[in-house]
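In case you want the letters, here they are:
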Amino acid sequence: MAGVADAAAAPGTGGDGRQDGGRGEPRTLWGSSEPRPPAAGTGQPSPQQRTETLGFYESDRGRKKKRSLSDLSLLRFISAELTRGYFLEHNEAKYTERRERVYTCMRIPKELEKLMFFGIFLCLDAFLYVFTLLPLRVFLAMFRFITLPCYGLRDRRLLQPAQVCDMLKGVILVICYFMMHYVDYSMMYHLIRGQSVIKLYIIYNMLEVADRLISSFGQDILDALYWTATEPKERKRAHIGVIPHFFMAVLYVFLHAILIMVQATTLNVAFNSHNKSLLTIMMSNNFVEIKGSVFKKFEKNNLFQMSNSDIKERFTNYVLLLIVCLRNMEQFSWNPDHLWVLFPDVCMVVASEIAVDIVKHAFITKFNDITADVYSEYRASLAFDLVSSRQKNAYTDYSDSVSRRMGFIPLPLAVLLIRVVTSSIKVQGVLAYVCVVLFYCGLISLKVLNSIVLLGKSCQYVKEAKMEEKLFNPVLTATPGKPAGKQQGTFKSTQGISTDENGSTSVTNQPVHQKENMPSLLVTSNSDQFLTTPDGEEKDISQDSSELKHRSAKKDLLEIDRFTICGNRID
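Residues numbered from 1 in each chain as written. Predicted model: local features only at pLDDT ≥ 70, side-chain atom pairs only at ≥ 80, totals over all residues. Heavy atoms only, no water.

Where an unreviewed UniProt entry is consulted, the protein chain appears under the name TAPT1 protein, with the organism given as Elachura formosa. As its UniProt record puts it under Sequence similarities (unreviewed entry), the protein chain is described as follows: "Belongs to the TAPT1 family." (UniProt positions renumbered as here; feature names shortened; annotations may be inferred.)

The following block contains the structure:
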């Protein structure tokens, strides 16, 4: 080995007598740093004999220099970028899914507006019921109550349950109407107008939140009043409990009507402001709703609740705009030219509401992979409520069903509208009263026509959704959060058909609770499992959990109303 090292070092001796190999550095030709190729038989040089630059040995860099300049040119790079290809069919499923999302977003406006159109007419039907059929039903109930001694007491009840509820609604409506006369609309308008723009914006947001909260609690108050007044009681002393419920219902309707009046007054101030800054800020508040809704997890039940809320909100805004137009037209002595001044602002508010709803629902369905066909299911669920309220075994009025499903309570809004109309329009003379009668007949005709069209469309939607069997085979639903022993009130209210002496079926008699039927009813119930159950029933619930996972969304939608918390009940 020593001889090989000497032979390799001898040719590298310099003129000064020093050897380059003594320092361990490779000698290069022509003064360059390129290492000389190893001699034959000596093997490859060790890594210590080659200088490394930026991760490449100098010998490798030398070999790269031998390449042609065209291989490393800018033109070749640009040519490669221009001619580089790829195939989309290698990921066909991904691009197909993206295309379906685009198609879904394009279908959302049409499907959503079809649902909104149907829902708004449902709210209109329930709202017109208060002005048209409810007074007639109250009159018939009073006539029955007065003429009842002439026919004798064939039944223990003086009035049927539906008639009792109608009487309560009529009395509440009349009392709250007279109470609203003590609220000065003009003073409220000037009080709100004197506030700054920021204060009015905050007040309007607070009013929207308060309206949703008080609506959720108000419908429970009215339902408690109706059930307390109609449930069978063994002692007459038990009827005293109706009085506190009645006063609570009157107080609720009055406060809710004042709340809606403040909303209408704030909107009226925004319309009459000179620079329209408040109206712009209130419209921008709708777009803030997108931020709070789009970037959240939504399922079908949650989206159904939001759709019902949007229907109720849009219909309420239409009534508020009507009130604002009436008040402004009164101030300008019913000049038709002023109506065209208000028309652009009204169109701006309506257009912003529609645009916000479309954008919100489009992105919610996109982020949560929900198809546009879900809105037809929502429409069928709303149609099922209308059709089921016309059945002989109906357990609620349709207006109350709309109130529970959408959170729309027509009584406070009707009280406010009657108060505004009576204060804005003065009726004097015989001709004026004739016009009022003709207008009332027109409202009744509109209500009947609207009900007929809605009932026909609802039957069509129910048939398309294949939900007819649920109309003839109603399923008893238990109240979540209560054990089986506490569901007595539920079974009392659902047994709505009884047979009289002649063998005919009656739907007006109040049902009587039967204890022997309770076990069978609990077995056949298809409702959600109780949230609190005894320990002995945990095994049964675990065995049925797999079946509950495969429940159809249509059954779940029939159990969801506006104020149901369904976050832990989504399949």
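Still to come is the rest of the account.
Novice: Help me understand the overall build of the protein chain in this model?
Specialist: When its secondary structure is counted, the protein chain shows 21 helices and four strands. Sequence separation of 24 or more characterises 80% of the internal contacts of the protein chain that already satisfy a separation of 6 or more. About 34,400 Å² of surface is accessible on the protein chain, with carbon and sulfur atoms providing 62% of the total. (Helix = DSSP H or I, 4+ residues; strand = E, 2+ residues; numbered from the N terminus. Contact = heavy atoms within 4.5 Å. Areas by Shrake-Rupley, 256 points an atom, 1.4 Å probe, with all protein chains shown as cover.)

Novice: Would you explain the UniProt feature "transmembrane region" (unreviewed entry) in the protein chain in this entry?
Specialist: Under the UniProt annotation, "transmembrane region" (unreviewed entry) lies at residues 115–132, 166–183, 246–271, 408–425 and 431–456. Across residues 431–456, the secondary structure splits into 100% helix and 0% strand, with the terminal C-alpha atoms separated by 38 Å.

Novice: What exactly am I supposed to notice about the environment of Ser284 here?
Specialist: Relative to the helices and strands, Ser284 is located in helix α10 (residues 277–294). In this structure, the C-alpha to C-alpha distance between Ser284 and Val356, residues 72 residues apart in sequence, is 9.8 Å.

Novice: Just checking my understanding: could you explain the packing of aromatic side chains for this structure?
Specialist: Any aromatic ring pair is given by two values, namely how distant the centres are and how the planes are angled relative to each other. Taken as a whole, this structure holds 13 aromatic pairs when the rule is applied. Geometrically, the ring pair formed by Phe315 and Phe408 is edge-to-face, given 5.2 Å between the ring centres and 85° between the ring planes. On the criterion of sequence distance, the pair formed by Phe315 in helix α11 (residues 300–331) and Phe408 in the loop between α14 (398–406) and α15 (410–424) is long-range, its members being 93 residues apart. With 5.9 Å between their ring centres and 45° between their planes, Phe363 and Phe367 make a pair best called tilted. Residue Phe363 and its partner Phe367 are located together in helix α12 (residues 336–367), separated by four residues, close to a single helical turn. When its relative accessible area of 40% is taken as the criterion, Phe367 is described as partly exposed. A network of ring pairs unites the aromatic residues Phe127, Phe131, Phe315 and Phe408 as a single cluster. The residue whose ring lies beneath Lys94 is Tyr95, and the NZ or CZ to ring-centre distance is 5.9 Å. (Phe/Tyr/Trp six-rings, centres within 6.5 Å; stacked < 30°, edge-to-face > 60°. Buried < 20%, exposed > 50% of the residue type's maximum accessible area, 1.4 Å probe, protein only. Lys NZ or Arg CZ within 6 Å of the ring centre and 35° of its normal.)

Novice: How do you make sense of empty space enclosed by the protein when you look at a structure like this?
Specialist: The rolling of a water-molecule-sized probe over the atoms marks out the regions of remaining empty space. This model, assessed by the stated rule, comprises six cavities of 30 Å³ or more. Approximately 160 Å³ is the volume attributed to the second largest cavity. Lining the second largest cavity are 14 residues, and of these Tyr204, Leu267, Asn286, Asn317 and Val349 lie nearest its centre. If you list the elements that add at least two residues to the lining of the second largest cavity, you get α8 (197–230), α10, α11 and α12. Class assignment of the residues belonging to the lining of the second largest cavity gives a composition of eight nonpolar, three polar and three charged. (1 Å grid on protein atoms, 1.4 Å probe; cavity = no way out; pocket = protein on both sides within 12 Å on 5 of 7 lines; lining within 4 Å. Points joined across faces, edges and corners; volume = space filled by probe spheres on them. Nonpolar A, V, L, I, M, F, W, Y, C, P; charged D, E, K, R; others polar.)

Novice: What is the right way to read the side chain of Arg405 from this model?
Specialist: Its location among the elements puts Arg405 in helix α14. A polar side-chain atom of Arg405 sits 2.7 Å from a polar atom in the side chain of Asp385. (Polar contact = N/O pair within 3.5 Å; in protein donor to acceptor, adjacent residues only side chain to side chain.)

Novice: Got a minute to help me understand the confidence of the model for the protein chain in this structure?
Specialist: For residues with low pLDDT, the predicted coordinates do not support detailed interpretation. This prediction gives the protein chain a mean pLDDT of 74; 67% of its residues lie at or above 70. Confidence over residues 1–35 falls short of pLDDT 50; this stretch has 20 contacts with residues more than four positions distant or in other chains. The model gives residues 565–571 a pLDDT under 50, and that stretch makes 18 contacts with residues more than four places away or in other chains. (pLDDT = per-residue confidence, 0-100.)

Novice: It is not clear to me how the side chain of Asn368 should be interpreted in this structure. Could you clarify?
Specialist: Following the sequence through the fold, Asn368 ends up in the loop between α12 and α13 (374–388). With relative accessibility at 11%, the residue Asn368 sits in the buried group. Of note is the side chain of Asn368, whose polar atom sits 2.9 Å from the backbone nitrogen of Phe298. Reaching out from Asn368, the side chain makes a polar contact with the backbone oxygen of Ile364 at a distance of 2.7 Å. With sequence-adjacent residues up to four places away left out, Asn368 is seen in contact with Lys296, Lys297 and Phe298.

Novice: What's the story with a nonpolar patch on the surface in this structure? I'm lost.
Specialist: Taken together, Trp334, Val421, Ile425, Val427, Tyr433 and Val436 make up a surface patch of nonpolar side chains, about 510 Å² in accessible area. You can see Ile425 is positioned in the loop between α15 and α16 (430–464). (Patch = residues over 30% accessible without salt bridge, like charges linked within 9 Å, V, L, I, M, F, W, Y side chains within 5 Å. Salt bridge = Lys/Arg side-chain N within 4 Å of Asp/Glu carboxyl O.)

Novice: In this structure, what is going on with the packing of α8 against helix α9 (residues 242–272)? I would like to understand it.
Specialist: Two numbers describe a pair of packed helices, the interaxial angle and the distance between the axes. Axis separation between α8 and α9 bottoms out at 9 Å; the angle between their running directions is 155°. Taken together, the axes of α8 and α9 are roughly antiparallel relative to one another. The element α8 and its partner α9 pack so that their crossing is left-handed. In terms of residue class, the contact of α8 with α9 is made up of 19 nonpolar, seven polar and two charged. (Axes fitted to C-alpha atoms, helices over the stretch in contact; angles between N-to-C directions. Parallel < 35°, antiparallel > 145°, perpendicular 65-115°, else oblique. Left-handed = near helix turned anticlockwise from the far one by under 90°.)

Novice: Sorry, what's going on with the packing of α11 against α13 here?
Specialist: Running from N to C, α11 and α13 point in directions that differ by 65°, and their axes come no closer than 11 Å. Regarding α11 and α13, the two cross each other, and that crossing is right-handed. Contacts between α11 and α13 involve Lys300, Leu303, Phe304, Ser307, Asn308 and Ile311 from the first element and Val374, Tyr375, Glu377, Tyr378, Ser381 and Leu382 from the second. Here the contact of α11 with α13 is composed, by residue class, of seven nonpolar, three polar and two charged.

Novice: Whenever I open this one, unusual backbone geometry confuses me. Can you help?
Specialist: Most of the time, phi is negative for any residue but glycine, and the peptide bond is trans. Of note in the backbone geometry, Trp334 takes a positive phi value of approximately 55° without being a glycine. With respect to the element layout, Trp334 can be found in the loop between α11 and α12. We note that Lys466 has phi near 60°; this positive angle belongs to a residue other than glycine. With respect to the helices and strands, the residue Lys466 is situated in the loop between α16 and α17 (468–472).

Novice: Hey, could you run me through the pattern of salt bridges in this one?
Specialist: Close approach of charged atoms lets side chains of opposite charge pair. Here the structure, examined in full by the defined rule, presents 16 salt bridges. Linking Arg212 and Glu313 is a salt bridge whose minimum nitrogen-to-oxygen distance equals 3.8 Å. Separated by 101 residues along the polypeptide, Arg212 in helix α8 and Glu313 in helix α11 bring together distant segments of the chain. A salt bridge links Lys360 to Asp310, with the shortest nitrogen-to-oxygen separation between them at 3.0 Å. Taken together, the residues span a long stretch of sequence, with Lys360 in helix α12 and Asp310 in helix α11 at a distance of 50 residues.

Novice: Explanation requested: the environment of Met306 in the structure shown.
Specialist: Mapped onto the elements, Met306 comes out in helix α11. Sequence separation of Met306 and Ser293 is 13 residues, and the distance between their C-alpha atoms is 9.3 Å. Those residues in contact with Met306 that sit more than four places away from it in its chain are Ser293, Phe298, Lys360, His361 and Ile364.

Novice: In this structure, what is going on with the environment of Phe295? I would like to understand it.
Specialist: Within the fold, Phe295 resides in the loop between α10 and α11. For the pair Phe295 and Asn368, spaced 73 residues apart in sequence, the C-alpha to C-alpha distance is 9.7 Å.

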